[in-house]
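# Summary of the model geometry
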Amino acid sequence: MIKKILIANRGEIAVRVMRACREMGIASVAVFSDADKDALFTKYADESHRIGPAAASQSYLNISAIIERARQSGCDAIHPGYGFLAENPEFASACEREGIRFIGPSSRVLRLMGDKVAARREMQKAGIPVVPGANECAAGYEQAREIALEIGYPIILKPSGGGGGIGMTIVETEEALAQALEHAQAIAGTTFGIRDVYIEKYLSNPRHIEFQVLADSKGNVIHLGERECSIQRRHQKLIEESPSTVLTSELRAKMGRIATEAAGWVKYEGAGTVEFLFSEGEFYFLEVNARVQVEHPVTEMVTGIDIVKEQIRIASGLPLGCRQEDVLICGSAIECRINAEDPLNDFVPTPGKINGHRPPGGAGIRVDSGIYESSTIPPFYDPMISKLIVWGRDRNEAIERMRRALFEYVIGGVKSNILFHRAVMENERFIKGDLDTLFIESETALIDDMKRIAGREETLQQKLPCRSVDKKKVAAAVAAALAYSREKV
Ligand code: ADP
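We now turn to the structure provided with this report. Since the structure is predicted, the reported quantities are computational estimates derived from the model, not experimental observations. (Residues numbered from 1 in each chain as written. Predicted model: local features only at pLDDT ≥ 70, side-chain atom pairs only at ≥ 80, totals over all residues. Heavy atoms only, no water.)

### Examining the packing of aromatic side chains
Taken as a whole and judged by the stated rule, the model has 8 aromatic pairs. Judged by centre distance (6.3 Å) and plane angle (80°), the ring pair of F84 and Y381 falls under edge-to-face. With F84 in the loop between strand 4 (77-79) and helix 4 (89-98) and Y381 in the loop between strand 20 (376-377) and strand 21 (384-392), this pair connects stretches of sequence that are 297 residues apart. Residue class for Y381 comes out buried when judged on its relative accessible area of 10%. Between F347 and F420, the aromatic rings sit 5.4 Å apart at their centres with planes inclined by 80°, giving edge-to-face as the arrangement. Residue F347 is located in the loop between strand 15 (341-342) and strand 16 (348-349), and its partner F420 is located in helix 13 (residues 418-425); the two are separated by 73 residues in the primary sequence. Of the two residues, F347 and F420, both sit in the buried class. Among the aromatic side chains, those forming a connected cluster through ring pairs are Y60, F84, F380 and Y381. Cation over ring: R395 sits above F430, and NZ or CZ is 4.7 Å from the ring centre. (Phe/Tyr/Trp six-rings, centres within 6.5 Å; stacked < 30°, edge-to-face > 60°. Helix = DSSP H or I, 4+ residues; strand = E, 2+ residues; numbered from the N terminus. Buried < 20%, exposed > 50% of the residue type's maximum accessible area, 1.4 Å probe, protein only. Lys NZ or Arg CZ within 6 Å of the ring centre and 35° of its normal.)

What follows is the structure, given as C-alpha cells:
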C-alpha cells in the first residue's frame with residue numbers, strides 16, 4: 001500500500017486529495033508556488049515544500065522540480081489532481097522511470113487519450129459511436145474544405161491536443177472556413193504547442209453527458225453512472241448533476257456498458273471519464289478525460305463511493321472496492337462551481353483577499369474549498385473558490401437545497417458568481433431539466449434575473465457583519481488577472 005503521496009496540484013483539489021490521504025492513514029506532501037505560500041492546502045498537508053515562483057510553468061508544471069521534491073521527501077506516489085500535469089504523459093513516464101507511482105493511467109494511455117484524433121480512431125475500432133467527423137487532422141485549407149463538405153456544415157474545428165474548450169471554433173459556412181482555420185490553428189499552436197486541428201460535425205443543441213469509470217490493474221472495470229454537464233459557458237462547465245433527467249435506466253445501462261468497454265479496450269487503469277454528446281436520442285463519444293474531474297463529487301454523493309480513495313487503491317495494486325452490481329444510484333446531486341468572477345460583468349475574474357467567509361452547512365451539503373478567512377485567491381490560476389455540492393432525495397429537493405445553500409454562502413472581499421447560480425436555480429427550463437450546452441447563451445433573461453434576485457431579498461452575506469467588497473482593490477486585482485490571462489494567450 002502507498003504510504004506517502006505528493007500532491008502535484010493546488011487549491012480545492014489538493015485539499016480533496018489530502019482528505020482521502022488523511023482518512024486512509026497516508027502521509028501527504030504539498031508543493032506550492034510563491035503565490036500559494038499561505039494557501040489552505042499548504043497548511044493542510046503533513047509536509048509542504050516550495051516549488052517555485054507563481055508562474056505555473058516554473059512551479060506546478062515543473063516536472064523535474066516536482067519529482068525532486070517527491071524523492072527528497074520520500075514519497076512513493078504522486079497524485080496530479082486535475083489540470084496542470086494530470087494528463088501529461090511525460091510526467092507519468094518520469095514518475096515511472098523514478099519508481100514513483102503516478103496515481104492515474106499509464107503514460108501509454110495518457111498519450112493515446114491526449115491525442116483526441118487518435119482516441120476517436122481507437123474508439124471506432126472498439127465499435128463505439130463517435131461524433132461524426134474526420135479521423136485525421138486537416139493538413140491545410142483544401143483538405144479542411146473537403147472534409148467539411150463531406151460532413152456538412154455547421155462544423156466545429158478542435159485542437160487535437162486541446163482541452164478546456166480552448167481554440168474550438170464553430171464554422172457555419174464555407175466562406176468562413178479559411179479564416180476560422182487560421183484562427184483555430186494559431187490558438188492551438190500558442191496554447192498547446194501543436195497547431196493540429198480536426199473537424200467534427202457541430203451537433204445542434206446537444207447535452208453533455210459523461211460516465212465515471214473505475215478500472216483496476218486486474219482488468220475489472222465498472223461505471224458509477226453519469227453526470228449531466230450541459231450548463232456551460234464558452235464550453236466550460238459551471239453546473240453539473242447526477243443523475244441526468246434524460247436517461248432511462250436502460251439507456252444508462254447501455255451507455256455505462258459502452259463506457260466500460262471503452263476503458264477496457266485501451267486497458268485503462270484508474271478513475272476516468274468517458275464523455276458523450278447526446279442529441280436527439282442518440283449519443284456519441286466525445287473524449288476520455290484520464291484524471292479525476294472537477295465534478296466528481298456529484299457521483300460520490302449519489303453512489304457513496306470515494307473516487308479519490310479508489311484511485312489510490314488502484315494505484316496500490318488493490319482490486320476495486322466494489323462490483324458493478326454493488327453500485328446504487330441514490331437520490332440526486334448538483335454541483336455549482338463557485339468562481340471569483342463577476343457574473344454581471346461578462347464573468348471577468350475577480351481575484352483578491354477573502355474578507356468574511358462562512359460556508360453553508362446543514363443536511364445534504366458538501367463544500368470542497370481551497371480557501372479560508374483572509375486567504376488570497378491569486379490572479380495567476382483558475383479563479384475557482386470552491387465547489388458547492390448538494391444532495392437531495394430527488395432533483396426537486398436538491399434544487400431547493402442548493403437555493404438554500406446559496407442563500408447561506410458568505411464570501412466577502414471578492415466578487416463571486418453565486419448570484420448567477422441563484423438565477424439558474426430559479427430558471428424554469430433548468431427546473432424542468434430542459435438543458436443543452438447552449439443553455440446560458442440562449443437564456444438571455446438570466447442577466448435581468450440576476451439583477452432582480454440581487455434586489456429582492458437579503459442573503460446572509462448582507463445580514464452578517466462582514467466587510468463589503470473594496471472596489472479599488474477589486475479593480476486592481478481584475479487588472480492583474482486580465483494582464484496575466486493576456487500574457488498566457
Ligand atoms: P475540451 O476537451 O476542450 O473541453 P470537449 O471535446 O470535451 O473539449 O468539448 C467541450 C464542449 O464543447 C462539449 O461539452 C460541448 O459543449 C462542446 N462541443 C464539443 N464538440 C462538439 C460538437 N461536435 N458539437 C457540438 N458541441 C460540441
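### Describing the site of the ligand
K116, G165, H208, Q232 and E287 are the nearest of the 21 residues found near the ligand. Interatomic distance of 2.8 Å between a side-chain N/O atom of K158 and a nitrogen atom of the ligand. Here G165 contributes a backbone N or O atom positioned 2.6 Å from an oxygen atom of the ligand. Its free accessible area being 550 Å², the ligand has 95% of it covered by the protein chains. Elements with a contribution of two residues or more to the shell around the ligand: strand 6 (155-159), strand 8 (197-201), strand 12 (270-279) and strand 13 (282-289). Among the residues making up the shell around the ligand, the classes are represented as 8 nonpolar, 7 polar and 6 charged. (Near = heavy atom within 4 Å. Polar contact = N/O pair within 3.5 Å; in protein donor to acceptor, adjacent residues only side chain to side chain. Areas by Shrake-Rupley, 256 points an atom, 1.4 Å probe, with all protein chains shown as cover. Nonpolar A, V, L, I, M, F, W, Y, C, P; charged D, E, K, R; others polar.)

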